[in-house]
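For reference, the chains in residue letters:
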Amino acid sequence: MPATEITVTSAGKVAGQELLVPTGQEGTHYAHIQDWLGAQLKTKKAVRDISQQVLVKGIKQWAVYEGKSGGKPQRWVFKIT
């Protein structure tokens, strides 16, 4: 399943989950989300799947990963097509 990295903005919480709103900017396209995840694991970056903790407005399927970059938390959001 192809995945495209997207930029999102947090819009608060809904039913205990964080609501993310896409800003319209799309990033890198991957043939499969495992391509991105495999590259992260090769560089020994610790990432965890937090897809069940968030909602992405207007997208039916998504994947959200969280990790640390330079000591700060970072999120990567992907639209699954």
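The rules we used
- Residues numbered from 1 in each chain as written.
- Predicted model: local features only at pLDDT ≥ 70, side-chain atom pairs only at ≥ 80, totals over all residues.
- Heavy atoms only, no water.
- Helix = DSSP H or I, 4+ residues; strand = E, 2+ residues; numbered from the N terminus.
- Buried < 20%, exposed > 50% of the residue type's maximum accessible area, 1.4 Å probe, protein only.
- Arc of directions from axis to C-beta.
- Contact = heavy atoms within 4.5 Å.
- Salt bridge = Lys/Arg side-chain N within 4 Å of Asp/Glu carboxyl O.
- Pairing = 2+ DSSP bridges.

**Student:** I'd like a description of unusual backbone geometry, backed by residues and values.
**Tutor:** Backbone geometry places Ala-15, a non-glycine residue, at a positive phi of 55 degrees. With respect to the helices and strands, Ala-15 occurs in the loop between strand S1 (3–14) and strand S2 (17–30). Residue classification places Ala-15 among the exposed residues on the basis of a relative accessible area of 79%. In this structure, Lys-44 is a non-glycine residue whose phi angle is positive, near 60 degrees. Among the structural elements, Lys-44 can be located in the loop between helix H1 (33–42) and strand S3 (47–49).

**Student:** Give a detailed account of H1, specifying residues and quantitative values.
**Tutor:** Those residues of H1 not exposed but buried are Ile-33, Trp-36, Leu-37 and Gln-40. Down the axis of H1, the buried side of the element spans an arc of 95 degrees, and every buried residue falls inside it. Along its buried surface, H1 packs onto S1, S2, S3, strand S5 (62–69) and strand S6 (72–80). Where H1 ends, the next residue or the one after it, Lys-44, has phi of about 60 degrees, a positive value.

**Student:** Explain the pattern of salt bridges to me, and be specific about the residues and the numbers.
**Tutor:** Applying the stated criterion across every chain, the model contains four salt bridges. The residue Arg-48 makes a salt bridge to Glu-66 at a minimum N-O spacing of 2.9 Å. Within this pair, whereas Arg-48 is found in strand S3, its partner Glu-66 is found in strand S5, the two being separated by 18 residues in sequence. On the basis of relative accessible area, Arg-48 is assigned to the partly exposed category, the value being 47%. Glu-66 sits in the buried class, given a relative accessible area of 19%. One salt-bridge network, held together by shared partners, links Glu-18, Arg-48, Glu-66 and Arg-75.

**Student:** How would you summarise the pairing of S5 if you had to cite specific residues and measurements?
**Tutor:** Here S3 pairs with S5 via three bridges, running antiparallel. Bridging from a neighbouring strand, Asp-49 pairs with Tyr-65 of S5. For S5 and S6, the ladder comprises eight bridges, and the chain directions are antiparallel. Its bridge partner lying in S6, Ala-63 is registered against Phe-78.

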